[in-house]
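# Examining the three-dimensional arrangement
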Amino acid sequence: TIIGSCSSFSTGGPGKGMHARATKRFLNAHHFVESASGINFHFSDSGLFGLQVNGVSTYAGQLTDLLVRELRALAEPIPEEEVRRAKNILKSNIFQALERQGDVLEEGVKNLKTFGSLDGIGNYARIVDAVTGDQINSIVRDILRSKPTLIVQGGDVGRVPSLDKIHNQLQ
């Protein structure tokens, strides 16, 4: 939620505000960016974290440079106000996702199966509040050490730098 998401056709919502990095550093700063967002899928033993950007294919090199720069920026100190804002957005998203009893039941079953207890749901806000900017930096630095996954779609994908070049830029 530090990155957030934005689109040139965005209707707003949590994480899509004017303070999100996707809006400030992608959409508002570069005319060739059509949308941008952070992605995060986590599982009990693995996960996927990254950035997604859509834009004009003739600017593929610049779009890639933006992605690399923003991923590297997450390994640098993040202002406390930005961390606090991201935590508030995340908690809001979590609680909105758990408004229905059926969703709470499903989440409880997932916690019981994965962690062996049901107390995780009630502690989500506390867990989110305990996250620090330094922890985010450390995790991102670890992620950037591994070879990235790159998915490119569109007309002129030959303009995108090689995976090895991108990996070297992330180091």
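Residues numbered from 1 in each chain as written. Predicted model: local features only at pLDDT ≥ 70, side-chain atom pairs only at ≥ 80, totals over all residues. Heavy atoms only, no water.

## So, helix H4 (residues 101–115)
The condition is simple: Numbering of helices and strands runs from the N terminus, with a helix taken as a DSSP run of H or I at least four residues long and a strand as a DSSP run of E at least two residues long. Under the convention used throughout, the expected extent of a helix is 1.5 Å for every residue step, that is, one less than its residue count.
Taking 1.5 Å of rise per residue, the 15 residues of H4 would be expected to cover 21 Å, and the 21 Å separating its terminal C-alpha atoms lies within 8% of that figure. Note on H4: the residue one or two positions beyond its end, Gly116, has a positive phi of about 80 degrees.

## Some words on the sheet that holds strand E1 (residues 5–7)
Short version of the rule: Here, strands pair whenever DSSP counts at least two bridges between them. A fitted line through C-alpha atoms represents every axis, and for helices the fit uses only the stretch in contact; the resulting angles, taken between N-to-C directions, go from 0 to 180 degrees. Working rule for contacts: check all heavy atoms of both residues, and any pair within 4.5 Å makes them a contact.
Taken in spatial order, the three strands make up an open sheet running E1-E2-E3, and their pairing is antiparallel. Either end of the sheet is taken by a strand with one partner, and the two such strands are E1 and strand E3 (47–55). If you compare each strand with its neighbour and ignore which way they point, the axes differ by 20 degrees on average. Docked against the sheet, helix H2 (residues 60–73) engages strand E2 (33–42) and E3, running at close to 145 degrees with respect to E3.

## Things to note about the environment of Cys6
For Cys6, the position within the fold is in strand E1. Taking C-alpha positions, Cys6 is 26 Å from Ser138, a pair spaced 132 residues apart along the chain. Every residue in contact with Cys6, bar those within four places of it in the chain, is listed here: Ala22, Thr23, Leu27, Ser35 and Ala36.

## With respect to the pairing of E3
Every regular strand shows the same layout, with side chains that alternate between the two sheet faces. With nine bridges joining them, E2 and E3 adopt antiparallel strand pairing. The partner of Ala36 across the bridge, within E3, is Val53. Linkage of E2 to E3, two consecutive antiparallel strands, is achieved through a turn of four residues.

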